[in-house]
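# Residue-level structure breakdown
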Protein chains: 2
Amino acid sequence: MTRELTTGSRQEILHTAARPFREQGYDATSMNDISAALKLSKGGLYHHFRSKDEILFHIMNHAMDITEEKVQVPIREIADPEERLRALIRLHIQLVLRARDREITVILHENHPLPPGLRKRVNARKKEYIHFVEQQIAEVQRVRKSKSVTHRAAAFALLGMINWIYQWYRSDGALQEEELIQQYTEIFFAGAFQ
Amino acid sequence: MTRELTTGSRQEILHTAARPFREQGYDATSMNDISAALKLSKGGLYHHFRSKDEILFHIMNHAMDITEEKVQVPIREIADPEERLRALIRLHIQLVLRARDREITVILHENHPLPPGLRKRVNARKKEYIHFVEQQIAEVQRVRKSKSVTHRAAAFALLGMINWIYQWYRSDGALQEEELIQQYTEIFFAGAFQ
């Protein structure tokens, strides 16, 4: 992506480009569909992205930027490990529930084949987040002197609980944001810190 | 699918048809690709399935058959609610880890657009399984007189933990089957039945 784009327009482009991917699927979406969605000429689109893979990579990378900005950065301010982990659970659930962010973040979970170099970069960012979550769990375990489960298994359990929400959540369903945060926090804390 | 197919060959056909979907993505796979994978003429393929949507539906339906056969049916024999739920967790995790079943079951989680009638039938089976899991959890809560979390939230938490495994599990990774079953069972029981 060229540098002359401002951060704001860059985000708009990625949001708009994500739409045909979600609606038609990655494979069925052509560069023509994306340039139409962006109201750009095909030449204009190729000026920003060399390929469809590159667009997908930038959307996934943006999803990780959003996660960093909306979950990792805010909780770093919190000194108490338990409060920090509770805030992580709340902010990550809210990220999954917020429709505008979900348009982008859900694309992280699709199994689109990216070229190895780009896939490696996305996977490195996903791993970095997993390690961050593990670290928060490990710190609470230290404080609570709780060791019955490994922080690796606990981190995958928590990420599964939260990342799976998009598969079942309905904005008109019985289980809504505040209750979901409260119940998931309770289940996870009792489960991981016995 | 026509009735002259035996159950065995029907399953083989669905397994083989699932391969190009997984490897190339649903949209990029043509009926030609599927007939080539099945070593059938295009006419022969259309004799069994009227459309690609119908193939996808049958694969998803087969995934739910496998879940019923390998998780629901065996645990119905177990009288004790706690033992029954422990067996559900074990058998569902094993289903997710077994490569041959995963080829089929992973397709359930992809967000392919099915025509409304077929989508409704798949969703009804998914819901039936969610209710089954909720019911197992509710029975353990009754026995343990534990009520701090709802069985709805607990069921989604458990299904998230287990269904998410395919996103991170590696057969050469640090967390392997027995340890994973033991840790997830421990986290879930302590979390849901306080």
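Fair warning: this is a prediction, and the values are worked out from it, not measured in the lab.

## Observations regarding the interface of chain B and chain A
In this assembly, 33 residues from chain B lie in contact with 33 residues from chain A. Looking only at chain B, the three residues that lose the most surface to chain A are F156, W164 and I187 of chain B, adding up to 21% of its buried area. Scanning the region where chain B abuts chain A turns up 0 salt bridges. Taken together, the links from chain B to chain A amount to 8 residue pairs in polar contact (both at pLDDT 80 or more). Considering each element in turn, the side of chain B that touches chain A owes the most residues, 9 residues, to helix α8 (residues 151-163) of chain B. In the side of chain B that touches chain A, the residues fall into 16 nonpolar, 12 polar and 5 charged.

## Concerning helix α5 (residues 81-97) of chain A
Over its 17 residues, α5 of chain A extends 24 Å from the first C-alpha to the last, a length consistent with the 24 Å expected when each residue adds 1.5 Å. The buried fraction of α5 of chain A is high, at 13 of 17 residues.

## As for the environment of L95 of chain A
Residue and element names in this part refer to chain A. Residue placement: L95 occurs in helix α5. Separated by 67 residues in the primary sequence, L95 and I162 place their C-alpha atoms 9.7 Å from one another. Look past the residues within four positions of L95 in its chain and what remains in contact with it is I66, T67, K70, V71, D101 and R102.

## Overview of the nonpolar core
Across soluble globular proteins, you tend to see nonpolar side chains buried next to one another. Counting 132 residues, the largest nonpolar core has L85, I165 and F188 of chain A together with L85, I165 and F188 of chain B as its most contacted members. Excluding its chain neighbours within four sequence positions, the residues that come into contact with I165 of chain B are I93, V96, L97, L180 and Y184 of chain B.

## Thoughts on the packing of helix α10 (residues 177-192) of chain A against helix α10 (residues 177-192) of chain B
At a minimum axis distance of 7 Å, the contact between α10 of chain A and α10 of chain B shows a crossing angle of 125 degrees. It follows that α10 of chain A is oblique to α10 of chain B by the angle criterion. Remark: the crossing between α10 of chain A and α10 of chain B carries right-handed chirality. Side by side, α10 of chain A and α10 of chain B meet where E186, I187, A190 and G191 of chain A of the first sit next to E186, I187, A190 and G191 of chain B of the second.

## Describing the relation of the copies chain B and chain A
At an RMSD of 0.0 Å, chain B and chain A line up after a rotation of 180 degrees and a shift of 0.0 Å along the axis. The operation mapping one copy onto its partner corresponds to a two-fold rotation axis. Within chain B, the C-alpha atom positioned nearest to the axis of rotation is that of G191 of chain B, 1.9 Å from it. Taken as a fraction of all interface residues of chain B, those also at the interface in chain A reach 100%, which identifies the copy contact as same-surface.

## Concerning the packing of helix α8 (residues 151-163) of chain A against α10 of chain A
Residue and element names in this part refer to chain A. At a minimum axis distance of 11 Å, the contact between α8 and α10 shows a crossing angle of 165 degrees. When the axes of α8 and α10 are compared, the pair comes out roughly antiparallel. Regarding α8 and α10, the two cross each other, and that crossing is right-handed. In contact with A154, L158, M161 and I162 of α8, α10 contributes Y184, I187, F188 and A192. Considered class by class, the residues forming the contact of α8 with α10 number 8 nonpolar, no polar and no charged.

## Structural notes on the pattern of salt bridges
Residues and elements named next belong to chain A. Counting across every chain of the model gives 22 salt bridges over all chains. Between E68 and R125 there is a salt bridge whose closest N-O contact spans 3.0 Å. Of this pair, E68 sits in helix α4 (residues 52-76) while R125 sits in helix α7 (residues 116-144), and the two are 57 residues apart along the sequence. Here the residues in one salt-bridge network are D65, E68 and R125, joined through shared partners.

## Examining unusual backbone geometry
In this structure, K39 of chain A is a non-glycine residue whose phi angle is positive, near 55 degrees. Here K39 of chain A shows up in the loop between α2 (31-38) and α3 (42-48).

## Overview of the confidence of the model for chain A
Residues with a pLDDT of 70 or more make up 96% of chain A, whose mean pLDDT is 90. Scored as a whole, the predicted complex attains pTM 0.91, and scored at its interfaces, ipTM 0.90.

## A word on the packing of aromatic side chains
Going through the model one piece at a time under the given rule, you end up with 12 aromatic pairs over all chains. Arranged with centres 3.8 Å apart and planes meeting at 5 degrees, the rings of W168 of chain A and F156 of chain B form a pair that is stacked. One end of the pair, W168 of chain A, is in helix α9 (residues 165-168); the other, F156 of chain B, is in helix α8, on a second chain. The residues W168 of chain A and F156 of chain B share a single accessibility class, namely buried.

## A look at helix α2 (residues 31-38) of chain B
Residues and elements named next belong to chain B. Residues of α2 that are buried: M31, I34, S35 and L38. Down the axis of α2, the buried set is contained in an arc of 95 degrees. They therefore lie on one face. Immediately downstream of α2, the backbone of K39 shows phi near 55 degrees, a positive value.

## Section: the environment of R22 of chain B
All names here are of chain B. Relative to the helices and strands, R22 is located in helix α1 (residues 7-24). C-alpha of R22 to C-alpha of I107: the two residues are 85 residues apart in sequence and 7.6 Å apart in space. If we skip the residues at most four places from it in the chain, R22 touches E103, V106 and I107.

## Looking at the side chain of H109 of chain B
Mapped onto the fold, H109 of chain B is located in the loop between α6 (99-105) and α7 (116-144). According to the relative accessible area criterion, H109 of chain B is buried, its value standing at 13%. Ignoring anything within four residues of it in the chain, the contact list for H109 of chain B reads W164 and Q167 of chain A together with N163 and Y166 of chain B.

Calculation rules
- Sequence order sets the numbering: in each chain, residues are counted from 1 along the sequence as written.
- Lettering for chains starts from A, numbering for ligands starts from 1, and both go in the order in which the items are written.
- With the structure being a predicted model, the display of local features is reserved for residues of pLDDT at least 70 and the display and counting of side-chain atom pairs for 80 or more, all residues being used for whole-chain, interface and lining totals.
- With hydrogens and water stripped out, all remaining heavy atoms of the structure feed into the side-chain values.
- Working rule for contacts: check all heavy atoms of both residues, and any pair within 4.5 Å makes them a contact.
- Throughout, buried area stands for the accessible area (probe radius 1.4 Å) lost by two parts on being put together, summed over both.
- Here, a salt bridge means any Lys or Arg side-chain nitrogen found within 4 Å of an Asp or Glu carboxyl oxygen.
- Side-chain atoms alone can form a polar contact between residues adjacent in sequence; in general such a contact is a pair of N or O atoms within 3.5 Å, and within protein one must be able to donate a hydrogen while the other accepts it.
- The helix count covers DSSP runs of H or I at least four residues long, the strand count covers runs of E at least two residues long, and both are numbered beginning at the N terminus.
- Throughout, the ten residues Ala, Val, Leu, Ile, Met, Phe, Trp, Tyr, Cys and Pro are labelled nonpolar, Asp, Glu, Lys and Arg are labelled charged, and all others, Gly among them, are labelled polar.
- Working rule for helices: expected span equals 1.5 Å times residues minus one.
- For every residue, the accessible area (1.4 Å probe, protein chains only) is compared with the maximum for its type, and the residue is labelled buried under 20%, exposed over 50%, or partly exposed between those bounds.
- To form a nonpolar core, buried Ala, Val, Leu, Ile, Met, Phe, Trp, Tyr and Cys residues must be joined to one another through side-chain atoms within 4.5 Å.
- Inter-axis angles, ranging from 0 to 180 degrees, are taken between N-to-C directions of lines fitted to C-alpha atoms, where helices are fitted over the stretch in contact.
- Geometric relationships in this document are graded by angle, where less than 35 degrees denotes roughly parallel, more than 145 denotes roughly antiparallel, 65 to 115 denotes roughly perpendicular, and other angles denote oblique.
- Working rule for handedness: look at the near helix, and if it is turned counterclockwise from the far one by less than a right angle, call the crossing left-handed; if clockwise, right-handed.
- Fitting of the copies onto one another was done by least squares over C-alpha atoms, counting residues only where both copies have pLDDT of at least 70.
- You can read pLDDT as the predictor saying how much it trusts each residue, on a scale of 0 to 100.
- To pair, rings of Phe, Tyr and Trp, with the six-membered ring standing in for Trp, must have centres within 6.5 Å; the planes then decide the type, stacked if under 30 degrees apart, edge-to-face if over 60, and tilted in the middle.
- What the arc describes is the spread of directions from the helix axis to the C-beta atoms.

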